[in-house]
Amino acid sequence: MLVKDAYFDSLRCEESALAHYIHHLLVEKKISLDDDISKIDIEHADHQKVREMIQNNVLGIHKIRVYSLKMNQKDFVFIFAASEQAAIQFYTEKFHLTPLNCHEYSLDFQLARGNDVISFRDMKKDCKCFPAIAGFFVKPY
């Protein structure tokens, strides 16, 4: 695997620390995008600079997760949000109820949509702002 693949994967998966470390090493010319991933050595990084980059969110990474909130015994809503608290607050404002529970799901979890299969990660690309409703699920009896 090349550095560019690891870098783009870290950006796609919103892995802020890894993305910032790779970015720093690239800027400092300690690695290049075409190097093998084995060339990444965070010991060559200035950890204070990277810490500041992460705190200032230089790469603009805002990790959005997906949460399943239980509405009643059979109905669930999936919500994209930055945190469990944000998902619960959005649910409460939207439905004027408190969810029975809230669990985080993997963005790579795949669902059937029509005749296709789609992941939450791909569904998230269609949203312009967050929190947002990803969809509903009714548990069959």
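Before reading on, note that the structure itself is shown above.
Here goes a summary of the coordinates provided. Small disclaimer: the values here were computed from a predicted structure and weren't measured.

As for the overall build of the protein chain
- Of regular secondary structure, the protein chain possesses five helices and six strands.
- Secondary structure of the protein chain in N-to-C order comes out as α-α-α-β-β-α-β-β-β-α-β.
- Taken against the 2.2 N^0.38 rule, which gives 14 Å for 141 residues, the C-alpha radius of gyration of the protein chain at 19 Å runs more than 25% over that of a compact globule.
- With the principal axes as the frame, the protein chain shows a C-alpha extent of 55 × 35 × 25 Å.
- When each of the 141 residues of the protein chain is scored for burial, the buried share is 33%.

Digging into the side chain of K124
- You can see K124 is positioned in helix α5 (residues 120–124).
- Looking at K124, its side chain comes within polar contact range of the side chain of E14, at 2.8 Å.
- Not counting the four nearest positions on each side in its chain, K124 is found in contact with E14, I64, F80, L107 and F130.

Observations regarding the pattern of salt bridges
- Under the defined criterion, the tally for this structure stands at seven salt bridges.
- Between E15 and K63 there is a salt bridge whose closest N-O contact spans 3.5 Å. Highlighted residues: E15 in the loop between α1 (3–12) and α2 (16–27) and K63 in the loop between α3 (47–56) and β1 (65–70), separated in sequence by 48 residues.
- Assessed through its relative accessible area of 29%, K63 is described here as partly exposed.

A closer look at the sheet that holds strand β6 (residues 132–138)
- In space, the four strands of this open sheet follow the order β3-β1-β2-β6, with antiparallel pairing throughout. Each edge of the open sheet is held by one strand with a lone partner, namely β3 (102–105) and β6. For this sheet, the mean inter-axis angle between neighbouring strands, taken without regard to orientation, is 25°.
- Bridge count for β1 against strand β2 (residues 75–81) is six bridges, and the pairing is antiparallel. What sits directly across from Y67, in β2, is I79.

Side note on the nonpolar core
- Judged by nonpolar contacts, V3, A6, Y7, Y21, I22, L25, L26, I31, A45 and V50 together constitute the single largest core of 10 residues.
- Broken down by secondary-structure element, the contributors of at least two residues to this core are α1 and α2.
- Take this core: its biggest share by element is four residues, from α2.
- When neighbours within four sequence positions are excluded, A45 is seen to be in contact with Y21, H24, L25 and V50.

Some thoughts on helix α4 (residues 84–95)
- An ideal rise of 1.5 Å per residue puts 16 Å on 12 residues; α4 measures up with 16 Å between its terminal C-alpha atoms.
- Those residues of α4 that are buried are in contact with β1, β2 and β6.
- Remark: H96 follows α4 within two positions and exhibits a positive phi of approximately 55°.

About the thresholds
Residues numbered from 1 in each chain as written. Predicted model: local features only at pLDDT ≥ 70, side-chain atom pairs only at ≥ 80, totals over all residues. Heavy atoms only, no water. Helix = DSSP H or I, 4+ residues; strand = E, 2+ residues; numbered from the N terminus. Rg over C-alpha atoms; globule rule 2.2 N^0.38 Å. Buried < 20%, exposed > 50% of the residue type's maximum accessible area, 1.4 Å probe, protein only. Polar contact = N/O pair within 3.5 Å; in protein donor to acceptor, adjacent residues only side chain to side chain. Contact = heavy atoms within 4.5 Å. Salt bridge = Lys/Arg side-chain N within 4 Å of Asp/Glu carboxyl O. Pairing = 2+ DSSP bridges. Axes fitted to C-alpha atoms, helices over the stretch in contact; angles between N-to-C directions. Core = buried A, V, L, I, M, F, W, Y, C linked by side-chain atoms within 4.5 Å. Expected span 1.5 Å × (residues − 1).

Shape is all these values report; function is a separate question.
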